Amino acid sequence: MSLPTPEQQRLLKGTNREEDWRRWGPYLSERQWGTVREDYSASGDAWNHFPHEHARSRAYRWGEDGLLGISDRRCRLCFGLMLWNGQDQILKERLFGVTNPEGNHGEDAKEQWYYLDSTPTHSYMRGLYKYPQRAFPYEELLRHNAARGKHEDEFELHDTDAFKDNRYFDVFVEYAKAGPEDILIRVTVENRAAEAAFLTVLPKLWFRNTWSWGEVHGATEAKPSLRAQDAQTVLAEHETLGAFLLRTEQEAPLLFTENETNTEALYGVQNASGFAKDGFHRAVIQGDASAVRLTHGTKAAANYRLNIPGGGRAVLRLRLCHTKDDKGAKAAFSGFDKTVEARRLEADAFYAGQIPASLSEDERLVARQAYAGLLWSKQFYHFVVPSWMSGDPGQPAPPEGRGLVRNGDWSHFHANDVLSMPDKWEYPWFAAWDLAFHMLPMATVDPDFAKGQLELLLREWFMHPSGQIPAYEWNFNDVNPPVHAWACWRVYKISGTKLSRDLDFLERCFQKLLVNFTWWVNRKDINGKHIFAGGFLGLDNIGLFDRSKPLPCGHSLAQADGTAWMAFYCGSMLSMALELAQEKPAYENIASKFFEHFIQIVDAMNSLGEDGLWDEQDGFYYDRLLVERHASIPLRTRSLVGVIPLLAVEVLDERVINRLPGFKARLEWFLKTRPDLAKHVGSTNTGKGSENHLLRLLSVPSKERLERLLKHVLDETEFLSEHGIRSLSQAHGRVPYGIELNGTYYSINYEPGESRSGLFGGNSNWRGPIWFPINYLLIEALERYHHFYGDSLKVELPTNSGRWVNLNEVSQELARRLSSLFTLDKNGSRPCFGKHHPHAQDPLWRDHLLFHEYFHGETGSGLGASHQTGWTALITRCLGILARS
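Being a predicted model, the structure only gives us computed values, none of them experimental. (Residues numbered from 1 in each chain as written. Predicted model: local features only at pLDDT ≥ 70, side-chain atom pairs only at ≥ 80, totals over all residues. Heavy atoms only, no water.)

**Student:** I tried to follow the pattern of salt bridges on my own but got confused; where do I start?
**Tutor:** One side chain can pair with another of opposite charge once the charged atoms of both are near each other. Under the definition given, this model contains 65 salt bridges. Between D170 and K130 there is a salt bridge, and its shortest N-O distance comes to 2.8 Å. In this pair, D170 is assigned in strand 8 (residues 168-179) and K130 in strand 7 (residues 124-132), connecting sequence segments 40 residues apart. The two residues D170 and K130 agree in class, both being buried. A salt bridge links E780 to R490, with the nearest nitrogen and oxygen atoms 2.8 Å apart. With a gap of 290 residues between them, E780 in helix 22 (residues 772-789) and R490 in helix 12 (residues 484-494) connect regions that are remote in the sequence. A residue is classified by how much of its surface remains accessible, and E780, at 5% relative accessible area, is buried. The buried category is assigned to R490, whose relative accessible area is 15%. (Salt bridge = Lys/Arg side-chain N within 4 Å of Asp/Glu carboxyl O. Helix = DSSP H or I, 4+ residues; strand = E, 2+ residues; numbered from the N terminus. Buried < 20%, exposed > 50% of the residue type's maximum accessible area, 1.4 Å probe, protein only.)

**Student:** Help me understand the packing of aromatic side chains in this model?
**Tutor:** Under the counting rule described, the total for this entry stands at 58 aromatic pairs. Ring centres of F788 and Y789 lie 5.0 Å apart, and the angle between their planes is 85°; on these two criteria the pair is classed as edge-to-face. Assigned by exposure class, F788 and Y789 land together as buried. Following the ring pairs from residue to residue traces out a cluster consisting of W62, Y381, F383, W388, W410, F413, F430, F462 and F476. Here the guanidinium or amino end of R58 rests over the ring plane of F50, the centre of that ring lying 3.9 Å away. Across the ring face of W62, the terminal group of R61 is positioned such that the distance to the ring centre comes to 4.0 Å. (Phe/Tyr/Trp six-rings, centres within 6.5 Å; stacked < 30°, edge-to-face > 60°. Lys NZ or Arg CZ within 6 Å of the ring centre and 35° of its normal.)

**Student:** Hey, could you run me through helix 8 (residues 361-376) in this one?
**Tutor:** The periodicity of an α-helix, 3.6 residues per turn, causes residues three or four positions apart to be oriented the same way. Under the 1.5 Å per step criterion, the end-to-end length of helix 8 is 22 Å for 16 residues, consistent within 8% with the ideal 22 Å. Among the 16 residues in helix 8, 13 count as buried, and that is most of the element. (Expected span 1.5 Å × (residues − 1).)

**Student:** When you look at the side chain of T637 in this model, what are you seeing that I'm missing?
**Tutor:** Inspection of the secondary structure puts T637 in the loop between strand 25 (633-634) and helix 16 (640-643). In this structure T637 comes out as buried when scored by relative accessible area, which is 9%. Look past the residues within four positions of T637 in its chain and what remains in contact with it is I542, L544, F620, Y622, L728, H732, Y737 and I748. (Contact = heavy atoms within 4.5 Å.)

**Student:** Help me understand the environment of A357, please; the structure alone is not making it clear to me.
**Tutor:** Within the element layout of this structure, A357 appears in the loop between helix 7 (336-352) and helix 8. A residue is classified by how much of its surface remains accessible, and A357, at 67% relative accessible area, is exposed. A C-alpha to C-alpha distance of 21 Å links A357 and R343, two positions 14 residues apart in sequence.

And the structure:
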């Protein structure tokens, strides 16, 4: 058995509470402006209440943002970069993008930045920002995106001349920890142009403003301070964080200001002092020396003015450490590069044990950067709903009735935690179902963090007293697919061997999930017939109409996906209960409950009113429109809504059941006395001789219906694309589906790229593109089906190809196709870049990867949020499947 790597030792010390290696990390948001937390408007117009234009001058109430920055886990003290190319009208202090109203496909970041590396404890991190030497085209980006319609592509930064002739800087930042609170910072600027160019780099240190809001939670926060200790040292003092020093290797003028709102610039009201958040902007760009101090403040920066030759580089070194770890000015930079290199090599050693060696060098690069993006996407998230609704003593009272706008009935909600974000610019707030998927790849590299995140959303300061898990910041009341139990179960299995799994974690989650499951049953099975609604269920615009709102003419909807998700939920809870029952027999009864509930849902989906939600004519599951006093109407949209029933599948092993006499007795009684329901339980014998044992299959589709469904799913003229499973059948591009209700015609077309509708803000599209979460769940489901059927069930892959394979081989092929989004093709390009990206084959760009929210159903081009390495980090799981195949 190999010895643990240094990074594994750091993780263990964190688990044992010996050393707090996770105290500092990439916990800054990429965008705090335009969020619900900072919105104090009467109408809930978050984008316009706190726009990008205000961000440089206005103090944030609930968080901070910065460029490739870090903070402590409570975001008290922050570090990040500011840049100025001598052309821009503002400092590059944070990332820019168009807001939801400004973009033709909703909000979208218009920058180029990359998360290149990170260990789980952030002992080593590396990021990259590409900064144009020309003036950044803010107005051009706004103008062109505003002029484009829904049927046009977004106008991106690479569509401008920003990077023409390689006139840009690659700004790399590396963080390497010499100790839990001793951080070496190396900034390397590469001039990619042929000519010399000037660049101002301002590494900045600042305190989040916690002192301007009056008495909060019964206490008044003391104002911290930053002071110049000497020409190359800033002393930071905070009453709860302690004292820290920022040392610079190269001397540069130190500038100070206050992280407070410039009320005079924004509102025409005299400032409390002459120093405000935008002081550096005014001093560096406008030449206003009176805007900054040289001695103290709550925001500090070293002002480096660099002239970098063409093709050359400049390197800046800084060190941020607790005063107890300080080694003095001279020793601070002795052996600096050696320490950074040691941490980088330790990161290599750590990932050598996490990423299979059998993968190609290019596949390992993809996996490494996917983990980097996942780990960089941690963010401090602070939101206390009662304080947000009532306002702060030191500020103007918020408008009346703001609790009616959103989240007013979540008065218990109190978040003050580091959370895994979907995308720290486009979605800088947690989303419950996204986070569940994040935690599978996270469990491979940091199982303790993965378990902690899943438990956190179930804690009483997050989960509603009714049992609902908060969906996402814009509407905690919305309903996401119930995948949390599945994530808890999978993380439990991934994060330990059979002899070392964390049963206490599983039990804690199970107890709270029982409350959530009950909420689902009471709220979403209104008629008590095991047919569920649920709303949009994370699939945004996949339906003919907005499923989160009342349907036209007062009709209701029986949802194939909503019902299947509840069967899926039942199956996960059953697996958890059976695992717990092996140690604690009291769980046998609740396991029986979930077994029987699963069968009742399966029966309703397949049999209620003859065929339930199954359509015998098409061999597919559909939503059905329930019209009062009339027969239900199938909505014949072939989409993931009808594929999701495939996901609800569990296999029961006789060897486990025999160890649970209570569960076994009830199961046998149920199968004997309810033959009408027992028909939905499959059985087969597996193994030979003494290894022969009985397996029972619980699944929504029967074998015959599974085969018919897979004909659609694996048909390249329908769902199967070169790069994964589409969200809507390609057939709807040839024959759109529509229905008329009370004189209004509703239709749906295959749209493989960006959304052509404004549903849910128009910033995502489930009418054709490839989405990782459902693709990955399908891969896992196919593996479970294969465990039961083995080679007795083979399907054509692709449909009508004459090539017959078992379901495990189908799962492997799906993993391969998804992986091909990111790996180099025969032309030396990566499909995720798109066919027309000007830098797709440029070595300075090609190997820096983005993990988008979803992907074009035909080309594989990345779409939506560009840094959604939350659920798209599932690519690491797909690559693991390829390594085992």
